[in-house]
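# Fold and geometry: a report
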Amino acid sequence: MLFHSYAAIGDSFTEGVGDELPDGSVRGWADFVALGLAKEASPEAVRYANLAIRGRKLGPIVDEQLEAAIALKPEVISFNGGGNDMLRPRMPEELVAQRFRQAVHRIRDEGIHVLMLSGANPTEHLPLGRVFDARGVRLTQALYDLASLDGVTFVDNFADRGLRDIRYWSADKLHLNSLGHARVASNVLTALGVPVPEEWGVAEVAAAPPGPKSRNTAVYYREYVLPWIGRRLTGRSSGDGRAAKRPTLEPVTLDGE
């Protein structure tokens, strides 16, 4: 399936946090997917928008991004969410699953292909990881039937055990690094039947020995865990005041990759 217009909605996973560029911007798997589509379509143009904003729970993703993405009238919309809901002390699992399901049907009703993703699974490296892992498993299972619908492509990154290797994660152990984002993009393009560019090195990295076992030191808790707890207690989010990095469909350029 080769699409010529693509819009992405979601949270930090889709925005690309962890794959920082020298200018301070972020890239991420959705950008890689757009690039892969553009390479395959060349010399035809591919247009791409990314409305995802870090820190968003599923409700705000649906309320703030879904209709804006549909209004762009792309051929495909990628949709992921729920990761930030899983990390809260309490997660209304049935409500989250219901809202996710409604969003998928809303996109389909507009005749737009749905690229439905589960997020990568960081729980082997996080405090209380078993709790978050169980929530992720239940949410994925509750939505799995959507994968059989016409017009839906499901990419289950949560079940990609190789992606759990510490080599794919940034220093905060919550967000993927550039290698991790490239692997997710590889999963997506493979599901769409689009070739994965060899220069990304995804197969080479996957074939290398696994990374060392992750250990959470006092420095890790001080630099990452405590600030995260502080934001939760004060009702703040890492995405407060941020706007979408690419709010309109713009042509994907193949130079300067």
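Relevant structure appears above.
The following paragraphs examine the structure supplied in this document. (Residues numbered from 1 in each chain as written. Predicted model: local features only at pLDDT ≥ 70, side-chain atom pairs only at ≥ 80, totals over all residues. Heavy atoms only, no water.)

## A few points about the overall build of the protein
Note the following rule: Only runs of H or I of at least four residues qualify as helices and only runs of E of at least two qualify as strands under DSSP, and these elements are numbered from the N terminus. The atom set for the radius of gyration is the C-alpha atoms, and the globule formula is 2.2 Å times the number of residues raised to the power 0.38. Each residue is assigned to one of three classes by its accessible area relative to the maximum for its type, calculated with a 1.4 Å probe on protein chains only: buried under 20%, partly exposed between the two thresholds, exposed over 50%. We call two residues in contact whenever any of their non-hydrogen atoms come within 4.5 Å of each other.
Of the regular secondary structure elements, the protein holds 9 helices and 6 strands. Relative to the globule expectation of 18 Å for 257 residues, the C-alpha radius of gyration of the protein, 17 Å, shows essentially globular dimensions. Principal axes of the C-alpha set define a box for the protein whose edges measure 50 × 40 × 35 Å. Expressed as a percentage of its 257 residues, the buried residues of the protein come to 51%. A sequence separation of at least 24 residues applies to 77% of the contacts in the protein between residues at least 6 apart.

## Considering helix α5 (residues 93-109)
Operational definition: Expected span, for any helix, means 1.5 Å times one less than how many residues it has. Along the arc lie the directions from the helix axis toward the C-beta atoms.
With 17 residues, α5 should reach 24 Å at 1.5 Å per residue; the first-to-last C-alpha distance of 24 Å fits that figure. Turning to α5, its buried residues number three or more, namely V96, A97, F100, A103, V104 and I107. Burial along α5 is one-sided: seen end-on, the buried residues are contained in an arc of 125°. Of the residues in α5, the exposed ones pointing more than 90 degrees away from the buried face are E94 and D109. Where the residues of α5 are buried, they touch α3 (58-71), β3 (76-79), α4 (83-86), β4 (113-118), α6 (129-143) and β5 (152-156). Looking one or two residues past α5, G111 carries a phi angle of roughly 75°, positive in sign.

## Observations regarding the environment of L95
For L95, the position within the fold is in helix α5. With a relative accessible area of 45%, L95 lands in the partly exposed category. Between the alpha carbons of L95 and L58 there is a distance of 9.9 Å; along the sequence they are 37 residues apart.

## Description of the side chain of D172
How we decide: Whenever a nitrogen or oxygen atom comes within 3.5 Å of another N or O atom, the pair is scored as a polar contact, on the condition that within protein one atom can donate a hydrogen and the other can accept it, and that pairs from neighbouring residues in sequence are kept only if both atoms are in side chains.
Note that D172 resides in the loop between β5 and α7 (178-192). At 2.6 Å, the side chain of D172 forms a polar contact with the side chain of H175. Leaving out residues up to four positions away in the same chain, D172 has contacts with L126, Y220 and Y224.

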